[in-house]
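Each chain, written out:
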Amino acid sequence: YASTAELYGWVAVMDFDTTILLILVGIAAALYSSVGQGGGSGYLAAMVLLGLAPEVMKPSALAMNVAVTALSLGIMRGWKVIPGKLFLPLTLSSIPTALIGGYYLPSSAVYAYLVGGSLLVASLSLFRGQAPRLRSGSPSGLQLSAVGATLGLVSGLSGVGGGIFLGPIVLLAGWAELSATLAMTAAFILLNSAAALVGFGLSGLEWPAELPAMIVSVLLGAFVGTCGARKYLGSTALRRILGSVLLFSAIRMLVTA
């Protein structure tokens, strides 16, 4: 991370694009935290729009995921409703692959397709209607482990955190109710993003100088989203607006790959 002196110096010369970036990631944090998400896809969308490089996008999104989900889980105490029988197989299989994914930085073209596809899935998940009802029966440990390992790898490679995939899978399969799914998703994002950050740190690549300021911005946004404006930020209209932004960013990323 940048030293305190470097951070102050960077803030002093902060340009217009950087200011816009901090505003966008703060808004994304508020929106996503209001519905129990880490916001990785929103942060990536903001960085796509401003043309940041993959080596900046990936660790930044992962670090912001950790900050926002840790704050949200701490404030809302969502861990109390996490279904352990689902969460443990998913997480235990995902952490090693997330660490591996965090270690490797794909080529620019591969990363563009990976992030573009992730943003496309995220936009569609925001447009979906009411969640299906809880179904009887439970998935096998093998199914959960396969899902977890796959999502962990994608999360680590791209920086999305995995929640945009896990949430729809759990709800569409009817494995858990909405409140349990949201809490489980937040914890999944937290642990996978942390593991991927460890992998990135082991890779020897430099940490973005902008990262401390971005973390401050998303923490402020997450506090607003979790405590002050939850019922407004989770509205259908705002979800559709955010979904449209993610869709535009996905198309831009895929077209320019």
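What counts and what doesn't
- Residues numbered from 1 in each chain as written.
- Predicted model: local features only at pLDDT ≥ 70, side-chain atom pairs only at ≥ 80, totals over all residues.
- Heavy atoms only, no water.
- Phe/Tyr/Trp six-rings, centres within 6.5 Å; stacked < 30°, edge-to-face > 60°.
- Buried < 20%, exposed > 50% of the residue type's maximum accessible area, 1.4 Å probe, protein only.
- Helix = DSSP H or I, 4+ residues; strand = E, 2+ residues; numbered from the N terminus.
- Expected span 1.5 Å × (residues − 1).
- Core = buried A, V, L, I, M, F, W, Y, C linked by side-chain atoms within 4.5 Å.
- Contact = heavy atoms within 4.5 Å.
- Patch = residues over 30% accessible without salt bridge, like charges linked within 9 Å, V, L, I, M, F, W, Y side chains within 5 Å.
- Areas by Shrake-Rupley, 256 points an atom, 1.4 Å probe, with all protein chains shown as cover.
- Salt bridge = Lys/Arg side-chain N within 4 Å of Asp/Glu carboxyl O.
- Axes fitted to C-alpha atoms, helices over the stretch in contact; angles between N-to-C directions.
- Left-handed = near helix turned anticlockwise from the far one by under 90°.
- Nonpolar A, V, L, I, M, F, W, Y, C, P; charged D, E, K, R; others polar.
- Polar contact = N/O pair within 3.5 Å; in protein donor to acceptor, adjacent residues only side chain to side chain.
- Parallel < 35°, antiparallel > 145°, perpendicular 65-115°, else oblique.

Engineer: Describe in detail the packing of aromatic side chains, supporting the description with residues and values.
Structural biologist: Aromatic rings considered in pairs are described by the distance between their centres and by the relative angle of their planes. One pass over the structure, following the stated rule, counts two aromatic pairs. An angle of 80 degrees between the planes, with centres 5.0 Å apart, marks the rings of tyrosine 103 and tyrosine 104 as edge-to-face. When the centroid spacing of 5.0 Å and the interplanar angle of 65 degrees are considered together, the rings of phenylalanine 200 and tryptophan 207 count as edge-to-face. With a relative accessible area of 1%, phenylalanine 200 lands in the buried category.

Engineer: Lay out helix H2 (residues 16-33) with the relevant residues and their values.
Structural biologist: The terminal C-alpha atoms of H2 lie 26 Å apart, and with 18 residues this matches the ideal 26 Å at 1.5 Å per residue to within 8%. The complete set of buried residues in H2 reads Thr18, Leu21, Leu22, Val25, Gly26, Ala28, Ala29, Ala30, Leu31, Tyr32 and Ser33.

Engineer: How would you summarise the nonpolar core if you had to cite specific residues and measurements?
Structural biologist: By size, the foremost hydrophobic cluster in this structure holds 57 residues, and its most contacted members are Tyr43, Leu44, Met47, Met57, Val115, Leu119 and Val218. Sorting elements by how many residues they give to this core places helix H9 (residues 178-203) first, with nine residues. Setting aside chain neighbours within four positions, we find valine 115 in contact with Leu44, Val48, Met57, Ser158 and Met253.

Engineer: Please set out the side chain of serine 118 residue by residue, giving values where relevant.
Structural biologist: Of note, serine 118 is situated in helix H6 (residues 108-127). On the basis of relative accessible area, serine 118 is assigned to the buried category, the value being 2%. The contacts of serine 118, once residues within four sequence positions are left out, are Val154, Ser158, Val160, Ile164 and Phe165.

Engineer: Can you lay out a nonpolar patch on the surface for me, pointing to particular residues and giving the numbers?
Structural biologist: Judged by side-chain polarity, Tyr113, Leu120, Leu124, Phe127, Leu247, Ile251, Leu254 and Val255 come together as a nonpolar surface patch covering roughly 720 Å² of accessible area. Of all the secondary structure elements, the ones that give two or more residues to the nonpolar patch are H6 and helix H12 (236-255). Checked against the element boundaries, isoleucine 251 lands in helix H12. Residue isoleucine 251 is classed as partly exposed on the basis of its relative accessible area of 46%.

Engineer: Account for the packing of H6 against helix H7 (residues 141-158), naming residues and giving values.
Structural biologist: At a closest axis distance of 10 Å, the pairing of H6 and H7 adopts a crossing angle of 115 degrees. In this structure, H6 crosses over H7, and the sense of that crossing is left-handed. Across the interface between the two elements, Tyr111, Leu114, Val115 and Ser118 of H6 pack against Val154, Leu157 and Ser158 of H7. For the contact of H6 with H7, a count of residues per class yields five nonpolar, two polar and no charged.

Engineer: Can you lay out the side chain of serine 93 for me, pointing to particular residues and giving the numbers?
Structural biologist: Looking at where serine 93 falls in the secondary structure, it is placed in helix H5 (residues 84-103). Using a relative accessible area of 15% as the deciding quantity, one classes serine 93 as buried. Among the polar contacts made by the side chain of serine 93, one reaches the main-chain amide nitrogen of alanine 149 at a distance of 3.4 Å. Setting aside residues up to four positions removed in sequence, serine 93 forms contacts with Leu144, Ser145, Gly148 and Ala149.

Engineer: Describe the packing of H2 against helix H3 (residues 40-49), listing the residues and the values that go with them.
Structural biologist: Packed helices, taken two at a time, are described by the angle between their axes plus the distance between the axes. Put simply, H2 and H3 touch, their axes get as near as 9 Å, and they point 160 degrees apart. When the axes of H2 and H3 are compared, the pair comes out roughly antiparallel. As H2 packs across H3, the resulting crossing turns out to be right-handed. Residue-level contacts link Leu21, Leu24, Val25, Ala28, Ala29 and Tyr32 of H2 to Ser41, Gly42, Tyr43, Ala46 and Met47 of H3. Per-class residue counts for the contact of H2 with H3 are nine nonpolar, two polar and no charged.

Engineer: Account for the environment of glycine 117, with residues named and values stated.
Structural biologist: Its place among the elements puts glycine 117 in helix H6. Using a relative accessible area of 27% as the deciding quantity, one classes glycine 117 as partly exposed. Separated by 134 residues in the primary sequence, glycine 117 and isoleucine 251 have C-alpha atoms spaced 8.9 Å apart.

From the geometry alone we can't say anything about function, so treat these as descriptive.
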